[in-house]
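Listed below are the residues making up each chain.
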Amino acid sequence: GAWTIGAAAALVLAAAFWLLATTSGAQFVLGRAAALAGGSVGGVEGRLVGPLAVDAAEVALPAARLRAKRLALDWSPLRLLAGEVRIGQLHAASLEIETSPSQEPAREPATLALPVRLHVERAGADLLRVGKRGEAGEGIELREVSLRLSADHAAWILGGAEASTPIGRAKLAGTVGAKAPFALD
């Protein structure tokens with residue numbers, strides 16, 4: 001009866017609290033999520049509701065491999081209830097992206113529209129490397145990368161993006177439409 005429903009509700013609330021508001025809950029959720037994506041995480045500190053720190057993360061997919069070291073995330077998970085991903089700060093000491101070689105020609109996506117609004121107040125990496133798998137030493141290396149980003153069903157807005165390149169400091173800002181023909185501004 002009522003006691004059973006009350007006990008079940010208390011158990012669900014306790015489990016949700018453990019998953020979202022404890023380090024061990026964050027370790028459990030991130031470990032399972034990474035394993036499902038073919039990856040791993042290590043050195044998780046903090047809570048899923050933030051702030052959160054991860055010493056190392058790796059995801060290997062058929063098309064790409066992503067490796068990050070010393071990740072820090074501070075976000076507003078309650079904004080998900082309003083259909084928005086709001087990130088106050090996302091930072092990595094290093095971020096490596098390796099794409100797999102493909103014989104397929106590049107294709108324009110049907111859409112860049114997101115199902116939710118995205119707002120990133122500050123994102124950055126001390127070191128960003130982008131290259132192809134099996135081509136060590138090739139690719140692009142950027143340092144001191146920082147940016148602000150917003151996106152929704154209509155457009156992606158990049159503001160204040162900066163990075164140090166081998167030939168100097170680069171800055172970028174602009175808007176890309178989320179639907180073909182992907183208007184640029």
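Check the entry above for the structure.
Described in the following lines is the structure provided in the data block. In this text, all values refer to a predicted model and were calculated from it rather than measured experimentally. (Residues numbered from 1 in each chain as written. Predicted model: local features only at pLDDT ≥ 70, side-chain atom pairs only at ≥ 80, totals over all residues. Heavy atoms only, no water.)

**Brief notes about helix 2 (residues 23-36)**
And then number 1: With 14 residues, helix 2 should reach 20 Å at 1.5 Å per residue; the first-to-last C-alpha distance of 20 Å fits that figure.
And then number 2: All of the buried residues in helix 2 are G25, A26 and A34. Summarising the axial view, the buried residues of helix 2 lie within an arc of 150°, below the 170-degree limit, and thus occupy one face. For helix 2, exposure combined with an orientation more than 90 degrees from the buried face picks out A35 and L36.
And then number 3: Each element contacted by the buried residues of helix 2 is listed here: helix 1 (2-21), strand 1 (39-46) and strand 2 (52-60).
And then number 4: G38 sits one or two residues past helix 2 and shows a positive phi near 75°. (Helix = DSSP H or I, 4+ residues; strand = E, 2+ residues; numbered from the N terminus. Expected span 1.5 Å × (residues − 1). Buried < 20%, exposed > 50% of the residue type's maximum accessible area, 1.4 Å probe, protein only. Arc of directions from axis to C-beta. Contact = heavy atoms within 4.5 Å.)

**Description of the pattern of salt bridges**
And then number 1: Under the definition given, this model contains 14 salt bridges.
And then number 2: The salt bridge partner of E98 is R67, with a shortest N-O separation of 3.9 Å. Here R67 lies in strand 3 (residues 64-75) and E98 lies in strand 4 (residues 84-99), a separation of 31 residues in the sequence.
And then number 3: Overall, the relative accessible area of 28% leaves R67 in the partly exposed class.
And then number 4: Here R86 ties to E121 by a salt bridge, and the two come within 3.6 Å at their closest N and O atoms. (Salt bridge = Lys/Arg side-chain N within 4 Å of Asp/Glu carboxyl O.)

**Re the nonpolar core**
Within soluble globular proteins, side chains that are nonpolar tend to cluster in buried spots.
And then number 1: If you look at the biggest cluster of nonpolar residues, it comprises 6 residues: I87, L118, V120, A123, L149 and A151.
And then number 2: Of all the elements in the fold, those that place two or more residues in this core are strand 5 (117-132) and strand 6 (140-151).
And then number 3: Take this core: its biggest share by element is 3 residues, from strand 5.
And then number 4: Setting aside residues up to four positions removed in sequence, L118 forms contacts with V85, L149, S150, A151 and W156.
And then number 5: The next biggest cluster of nonpolar side chains, apart from the first, holds 5 residues, and it includes A26, V44, L48 and V54. (Core = buried A, V, L, I, M, F, W, Y, C linked by side-chain atoms within 4.5 Å.)

What is shown is where atoms sit, not what they do.
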